[in-house]
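One letter stands for each residue in the lines below.
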Amino acid sequence: MSDTYSPAEAAERSGFSLDTLRYYERIGLLPPITRTSTGHRRFSERDLEWLGMLRCLRDTGMTIAQLRRYAEQARAGEGTIPDRLALLVEHAARVEGHIARLREQQERLRRKIDWYSAMAPAATAPSVRPTASVGTATGSGDEHEHEAPGQPASGAPVRTSPRRTPVRAGERG
């Protein structure tokens with residue numbers, strides 16, 4: 001007999017909580033789970049593989065309704081492969097769009113960090129730049145977006161003196 005796992009072991013291996021496993025079973029995302037003679041659920045390797053796919057889809061933003069559609073199609077057999085393929089291709093396109101938006105926001109954060117670094121060169125901010133290239137973003141128009149109102153958008157960094165008077169970099173305050 002192949003290895004089987006208790007609900008707690010399946011939860012640990014899948015990253016889902018016990019409540020989520022019960023919920024997924026109740027709404028039909030999981031096939032009927034094998035039970036022991038005493039009624040305890042036992043998850044198979046195949047169940048864990050399916051949970052891994054569900055984890056991937058949930059972590060990438062697939063809704064419960066879409067997951068249910070995917071599960072129903074999978075249970076319906078090979079005749080639904082084109083439908084499942086279409087569902088996954090659509091989902092992958094949404095994921096790519098989300099990643100592109102995140103890259104744009106990451107670049108905006110980098111520009112803000114660079115701006116603050118120029119304003120406080122003695123500050124020891126940890127590096128947040130990844131070692132791998134993540135692409136470039138188009139300008140978002142915030143290159144001179146500053147935290148305090150009234151600061152010039154000339155590109156020249158402005159420092160605040162202890163009297164809270166704006167002072168251009170290089171000027172004495």
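Residues numbered from 1 in each chain as written. Predicted model: local features only at pLDDT ≥ 70, side-chain atom pairs only at ≥ 80, totals over all residues. Heavy atoms only, no water.

A.B. asks: Hey, could you run me through helix α2 (residues 18–27) in this one?
C.D. replies: Side chains of residues three or four places apart in an α-helix project in the same direction, reflecting 3.6 residues per turn. Here α2 has its buried residues at L21, Y24, E25 and I27. Those residues of α2 that are buried lie in contact with α1 (7–14), β2 (34–35), β3 (41–44), α3 (45–59) and α4 (64–76). Positive phi appears at G28, one or two residues downstream of α2, with a value of about 90°. (Buried < 20%, exposed > 50% of the residue type's maximum accessible area, 1.4 Å probe, protein only. Helix = DSSP H or I, 4+ residues; strand = E, 2+ residues; numbered from the N terminus. Contact = heavy atoms within 4.5 Å.)

A.B. asks: Please clarify how the sheet that holds β2 should be interpreted in this entry.
C.D. replies: Adjacent strands of a sheet pair through backbone hydrogen bonds, lying either parallel or antiparallel. Reading across from one edge, β1-β3-β2 is the order of the three strands in this open sheet, with antiparallel pairing throughout. Each edge of the sheet is formed by a strand with only one pairing partner; in this case those strands are β1 (4–5) and β2. Where β2 and β3 come together, two bridges link them in antiparallel fashion. Residue pairing for β3: T34 is matched across the bridge by R42. Each of β1 and β3 touches α3; the most contacted strand, β3, lies at about 75° to it. (Pairing = 2+ DSSP bridges. Axes fitted to C-alpha atoms, helices over the stretch in contact; angles between N-to-C directions.)

A.B. asks: Looking at this structure, I do not really get the packing of aromatic side chains. What am I missing?
C.D. replies: For any pair of aromatic rings, geometry is given as the distance between the ring centres together with the angle between the planes. One pass over the full model with this rule turns up four aromatic pairs. Taking the centre distance of 5.2 Å and the plane angle of 75° together, the rings of W115 and Y116 count as edge-to-face. Judged by relative accessible area, W115 falls into the buried class, the value being 16%. Taken together through their ring pairs, the aromatic side chains of F16, Y23 and Y24 make up a single cluster. If you follow R55 out to its NZ or CZ, it ends over the ring of F16, 4.1 Å from the centre. (Phe/Tyr/Trp six-rings, centres within 6.5 Å; stacked < 30°, edge-to-face > 60°. Lys NZ or Arg CZ within 6 Å of the ring centre and 35° of its normal.)

These figures capture arrangement, not role.
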